[in-house]
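Breakdown of the fold
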Amino acid sequence: GAGVSQSPRYKVAKRGQDVALRCDPISGHVSLFWYQQALGQGPEFLTYFQNEAQLDKSGLPSDRFFAERPEGSVSTLKIQRTQQEDSAVYLCASSPPGLDLSGANVLTFGAGSRLTVL
Amino acid sequence: AQSVAQPEDQVNVAEGNPLTVKCTYSVSGNPYLFWYVQYPNRGLQFLLKYITGDNLVKGSYGFEAEFNKSQTSFHLKKPSALVSDSALYFCAVRKGPGGYQKVTFGIGTKLQVIP
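About the criteria used
- Residues numbered from 1 in each chain as written.
- Chains lettered and ligands numbered in written order.
- Predicted model: local features only at pLDDT ≥ 70, side-chain atom pairs only at ≥ 80, totals over all residues.
- Heavy atoms only, no water.
- Core = buried A, V, L, I, M, F, W, Y, C linked by side-chain atoms within 4.5 Å.
- Buried < 20%, exposed > 50% of the residue type's maximum accessible area, 1.4 Å probe, protein only.
- Helix = DSSP H or I, 4+ residues; strand = E, 2+ residues; numbered from the N terminus.
- Contact = heavy atoms within 4.5 Å.
- Salt bridge = Lys/Arg side-chain N within 4 Å of Asp/Glu carboxyl O.
- Phe/Tyr/Trp six-rings, centres within 6.5 Å; stacked < 30°, edge-to-face > 60°.

**Thoughts on the nonpolar core**
- Counting 28 residues, the largest nonpolar core has B:W35, B:L47, B:L48, B:F74, B:L76 and B:Y89 as the members making the most contacts within it.
- Secondary-structure elements contributing two or more residues to this core are β2 (10–14), β3 (19–21), β5 (31–38), β6 (44–50), β8 (64–68), β9 (73–78), β10 (87–95) and β12 (109–114) of chain B.
- Per-element accounting of this core gives the leading share, 4 residues, to β10(B).
- Setting aside residues up to four positions removed in sequence, B:Y89 forms contacts with B:Q6, B:W35, B:Y36, B:V37, B:L47, B:F63, B:L76, B:G108, B:T109 and B:L111.
- A:A13, A:F49, A:A67 and A:L115 belong to the second largest nonpolar core, which has 20 residues in total.

Below is the structure:
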């Protein structure tokens, strides 16, 4: 597709349920990022993939959060045993193949998945 | 650790007037700096970036930003505001150059352009 696609757009979960959020990046984009954006806050980094390799997961807030990108394209962010503090918009972004000399590729963001935990 | 400060929660400006959205940053070494805009129910969209070279960078929709190393600032500007510019603006920084580096965002500034 032309842009980064995320699904579902809206998810309501009861506390303790597991959720899975999907990101379909721009075709051919090597780099994929997940961010968490709480209400009234800026995006907070969660994790980074280069192709299928998860090179940085330092932003994942707990071991209840898990991300994968098994074939280097679609990525899934899974949250186990959801808590109310997990309520946020989860943003996925991708950037073009490889890194140019400056290493400063621009991120293209999806519209986000809004998770509400009751 | 790197960080971005956007000191104003909201900026109000009359249509046709110049606008400035402030951003200061903290990062070790040379910074790469970005501005993104977010419209309601949509993802962030890239506006412009500073990597190296001319301190004044021009971006989409008539926006520009000035990199000031001594003041560690990267303020976003536009000579004449439009009502359609009303949105949430995020400044971001990463350590440059080369290779993967984490991008850190500010908390955002809401720009309200009054007709």
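So much for the structure itself; the text now carries on.
**Brief notes about the pattern of salt bridges**
- On inspection of all chains with the given rule, the structure shows 6 salt bridges over all chains.
- The salt bridge involving A:R22 is made with A:D24; its shortest N-O contact spans 3.8 Å.
- Among the residues examined, A:D24 registers a relative accessible area of 30% and is labelled partly exposed.
- Here B:K58 makes a salt bridge to B:E64, at a shortest N to O gap of 2.9 Å.

**Concerning the packing of aromatic side chains**
- Throughout the structure, instances matching the rule amount to 13 aromatic pairs over all chains.
- Measuring from centroid to centroid gives 6.0 Å for A:Y35 and A:F109, while their planes differ by 55°, and the two rings are tilted. Of this pair, A:Y35 sits in strand β4 (residues 31–37) while A:F109 sits in strand β10 (residues 108–109), and the two are 74 residues apart along the sequence. Here A:Y35 and A:F109 have matching classes, each one buried.
- Between B:Y36 and B:F105 the ring centres are 5.6 Å apart and the planes differ by 55°, which places this aromatic pair in the tilted class. With a gap of 69 residues between them, B:Y36 in strand β5 and B:F105 in strand β11 (residues 104–105) connect regions that are remote in the sequence.
- One aromatic cluster is present, formed by A:Y35, A:F45, A:F109, B:F34, B:Y36, B:F46 and B:F105 through successive ring pairs.

Keep in mind that these numbers describe shape and distance, not what the molecule does.
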